[in-house]
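Descriptive structure summary
Listed below, chain by chain, are the residues.
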Amino acid sequence: MSTASSTESSSTEPGAPTGATAASAPAGERTGRAPGRFGALVDRFAPALGAYAVVKATGLTVFLLLLSHTGDYLKKQPGRGGGANPWDVLGTWDGVWYQRIAENGYNPQLIPLHGFPLATYYENSAAFFPLYPWLMRLVGAVTGLGPYGSGIVVSVLASLFAAAGIFAIAERLGGFRAGVTAAVIWGLFPGSGVEWAVYSDSLFVALSAWACYCVMTRRWLTAGLLALVAGLNRPTAAALIAAVSIAALVALVRRTDGVARPLTAMLITPWGLIGYVAWVGWKMGDWGGYFKLQRGAWNRYFDGGASTLRTIMDVITGHWDFWQSNPVPDLIAIALLIALPGLLVLLWRARPPLVLWVYTALTIATALSSNQIFGNISRYLLPAFPLCIGLAFALRRVRTSSLVGMFAMPAVAAGWYAGYALFELGIP
């Protein structure tokens, strides 16, 4: 296993494809012109972002066509998979809460609920972290868009930044072709339907990918700040905070980057997450209020993987009477879990730095050790973007024409397995 300080060697290993050499050359040498700083960035990132946008647009089109074909969204409640138009579905479920926060802010409360076996408190918006709705409000103030439009804009832009970060990491490990392929695979990943919806997942992956990249390039202060900001976006930022902190601790012990920068990164990473959870507790008058709300209103809590294991046994034996059973998303989750060990092996073969290993392992552990809707495992593993890098690394020698043919059908099918199945056949 390599560390953050040894990443350079892994990106120039013997046998790397010619794309790796091209990627490491100045943009002007690859295109025969001197484009300047902005042009160099365009030359570097445009192929990956263009390919990512194509597969996302294809999947979104298929998703909307499936919605129009069935018309089931017209029979569902607005905010719960329904709406007046097919595209309204992209703002349902969690998207409704983010729109409410963007419009009205927070009012953290623990209000007892009686008569429901799995809920002891009323749902409250304080369960949703503030960075994404803050950005929605900012975009709305600048553009005049409503909460829905602002949420879509933030998500799409964040997804492009996320794809760029994934490209940059994979390019560093395996060359230009691997970087482009990794960005495309992330756009086709099960659960990727939320990337262009009113959900905070794309923003979180963008922050995580660039934080990991900054660790790999030894920009410790930037990595620490990105981890701090990610802590204001999702509670699963704990995995990123731990990954950046452990990598910084290793650098500190080895004295590879001095003392001040790694130490500062370690000290600042957790305060976004801690600050928001503490603020919610203070407003509720109960320092454990956030966790009580998650368990009492949404039935989300760590159980060591007991519910995941129990649900896996129910699904593979054809029992669909467990809490929040959704047969199609549940089977997609089973398929992803079957593929997970192979994806981890491919990641190992890519020789990733320590920060990617820790982040991936903790993201997977968090997803599988919590009581949650089983069919959403595909979404909960979406932040584990290094899994896409391992697969891209294995495909880096495949010809471009072959890759296009390989990804053509998944790009179409993603509108079903990553979009329709998630939003209309399940609860994302």
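Residues numbered from 1 in each chain as written. Predicted model: local features only at pLDDT ≥ 70, side-chain atom pairs only at ≥ 80, totals over all residues. Heavy atoms only, no water.

Counting residues in hydrophobic clusters, the biggest one holds 123 residues, and the most contacted among them are Ile169, Trp186, Phe385 and Phe423. Not counting residues up to four positions away in its chain, the partners in contact with Ile169 are Ala209, Cys212, Tyr213, Met216, Leu356, Phe385 and Ile389. (Core = buried A, V, L, I, M, F, W, Y, C linked by side-chain atoms within 4.5 Å. Buried < 20%, exposed > 50% of the residue type's maximum accessible area, 1.4 Å probe, protein only. Contact = heavy atoms within 4.5 Å.)

Bringing the packing of aromatic side chains into the picture now. Scanning the model with the defined rule gives 20 aromatic pairs in all. Summarising the aromatic geometry, the rings of Tyr52 and Trp196 are spaced 6.5 Å apart at their centres and angled 80° between planes, so their arrangement reads as edge-to-face. Of this pair, Tyr52 sits in helix α4 (residues 36–70) while Trp196 sits in the loop between α8 (176–188) and α9 (201–216), and the two are 144 residues apart along the sequence. With a relative accessible area of 15%, Trp196 lands in the buried category. Geometrically, the ring pair formed by Tyr98 and Tyr132 is edge-to-face, given 5.0 Å between the ring centres and 85° between the ring planes. Of this pair, Tyr98 sits in helix α5 (residues 94–104) while Tyr132 sits in helix α6 (residues 131–143); the two residues are 34 residues apart in sequence, bridging distant segments of the chain. For the pair shown, Tyr98 and Tyr132 are each scored as buried. (Phe/Tyr/Trp six-rings, centres within 6.5 Å; stacked < 30°, edge-to-face > 60°. Helix = DSSP H or I, 4+ residues; strand = E, 2+ residues; numbered from the N terminus.)

All right, on to helix α20 (residues 400–423) then. Here α20 is 24 residues long and its end C-alpha atoms lie 32 Å apart, about the 34 Å a rise of 1.5 Å per residue gives. A maximum bend of about 50° is found in α20 at Ala413. Among the residues of α20, Leu403, Phe407, Ala411, Ala414, Gly415, Tyr417, Ala418, Gly419, Tyr420, Ala421, Leu422 and Phe423 are the ones counted as buried. Next to the buried residues of α20 lie α4, α8, α16 (327–349) and α18 (377–380). (Expected span 1.5 Å × (residues − 1). Bend = angle between axes of the 7 residues up to and from the residue.)

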